[in-house]
Amino acid sequence: MSNYLHINDTNYTGELGAPRIVIATVFLSSLVAYGYLWAQRMKKKASTPCFAEQGIPMSGGANFLLGHATVLYGDGDFRKGYKTVYEMPADQTSGLSSLWFVNRPTLSVLLARHVKTVLNVSSYRQP
């Protein structure tokens, strides 16, 4: 009898069968635990305002995977979603609001005259 596993061997247990099962179980358990912890972290991140320390308001209802995209296209009416995400939470004096664009914090500026002010205040750029 050979030491190789054949397709027709139905009762093959092998010498390393139990350790392989234990390793696979530990690997899959750690993968599930990591996925759960990641999802919890992303849910907490999506519910906190992006630029809270600057006092910029954010629209609610962000999904932890897709951000505010689900609110924008959720009801099938983009104009309603646009007002919900961009216009309604915007600060009346500055026209600024924040949102999660997928999983990136994003700043929205409604008034064109405020864009120059925002760009002059911030020196941080990310492609």
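Chemist: Can you lay out the packing of aromatic side chains for me, pointing to particular residues and giving the numbers?
Modeler: Summed over all chains, the structure comprises two aromatic pairs. On the basis of an interplanar angle of 45° and a centroid distance of 6.2 Å, the ring pair of Phe78 and Tyr82 is categorised as tilted. Taken together, the positions of Phe78 and Tyr82, both in helix α3 (residues 78-87) and four residues apart, correspond to about one turn of that helix. Each ring, one from Tyr82 and one from Tyr86, has its centre 4.8 Å from the other, and the planes form 40°; the classification is tilted. Residue Tyr82 and its partner Tyr86 are both found in helix α3; the two are separated by four residues, about one turn of the helix. Given the relative accessible area of 31%, Tyr82 is considered partly exposed. Judged by relative accessible area, Tyr86 falls into the buried class, the value being 17%.

Chemist: Would you mind going over α3 in detail, with residue names and values included?
Modeler: By the burial criterion, the buried members of α3 are Gly81, Val85 and Tyr86. Down the axis of α3, the buried side of the element spans an arc of 100°, and every buried residue falls inside it. Looking at the buried side of α3, the elements it contacts are α2 (69-73), β1 (96-101) and β2 (104-109).

Chemist: Can you tell me about empty space enclosed by the protein, naming the residues and giving the values?
Modeler: Tallied over the full model, the rule gives one cavity of 30 Å³ or more. For the largest cavity, the calculated volume is near 40 Å³. Forming the boundary of the largest cavity are Met42, Lys45, Ala46, Ala62, Asn63, Phe64, Gly67, Trp100, Val102 and Asn103. Looking at which element gives the most residues to the lining of the largest cavity, the answer is helix α1 (residues 17-47), with three residues. Classifying every residue of the lining of the largest cavity gives six nonpolar, three polar and one charged.

Chemist: Quick rundown of the side chain of Ser97? Include the residues and the values.
Modeler: Position of Ser97 relative to the elements: it lies in strand β1. There is a polar contact of 3.5 Å between the side chain of Ser97 and the backbone oxygen of Tyr86. Those residues in contact with Ser97, other than ones at most four positions away along the chain, are Ile56, Pro57, Val85, Tyr86, Pro89, Ala90, Thr106, Leu107 and Ser108.

Chemist: For the environment of Ser98, give the residues involved together with the corresponding values.
Modeler: You can see Ser98 is positioned in strand β1. Along the primary structure Ser98 and Ser59 are separated by 39 residues, whereas in three dimensions their C-alpha atoms are 7.3 Å apart. The contacts of Ser98, once residues within four sequence positions are left out, are Cys50, Phe51, Ile56, Pro57, Met58, Ser59 and Thr106.

Chemist: Run through the environment of Ala62, naming residues and quoting values.
Modeler: Relative to the elements of secondary structure, Ala62 occurs in the loop between α1 and α2. Overall, the relative accessible area of 22% leaves Ala62 in the partly exposed class. Setting aside its immediate chain neighbours within four residues, Ala62 contacts Ala46, Gly67, His68 and Trp100.

Chemist: Help me get a handle on the pairing of β1, residues and values and all.
Modeler: In terms of residue burial, β1 counts as a mostly covered element, since five of its six residues are buried. As defined by bridge partners, β1 adjoins β2 across six bridges and the pair is classed as antiparallel. Bridging from a neighbouring strand, Trp100 pairs with Pro105 of β2.

What counts, and at which threshold
Residues numbered from 1 in each chain as written. Predicted model: local features only at pLDDT ≥ 70, side-chain atom pairs only at ≥ 80, totals over all residues. Heavy atoms only, no water. Phe/Tyr/Trp six-rings, centres within 6.5 Å; stacked < 30°, edge-to-face > 60°. Helix = DSSP H or I, 4+ residues; strand = E, 2+ residues; numbered from the N terminus. Buried < 20%, exposed > 50% of the residue type's maximum accessible area, 1.4 Å probe, protein only. Arc of directions from axis to C-beta. Contact = heavy atoms within 4.5 Å. 1 Å grid on protein atoms, 1.4 Å probe; cavity = no way out; pocket = protein on both sides within 12 Å on 5 of 7 lines; lining within 4 Å. Points joined across faces, edges and corners; volume = space filled by probe spheres on them. Nonpolar A, V, L, I, M, F, W, Y, C, P; charged D, E, K, R; others polar. Polar contact = N/O pair within 3.5 Å; in protein donor to acceptor, adjacent residues only side chain to side chain. Pairing = 2+ DSSP bridges.

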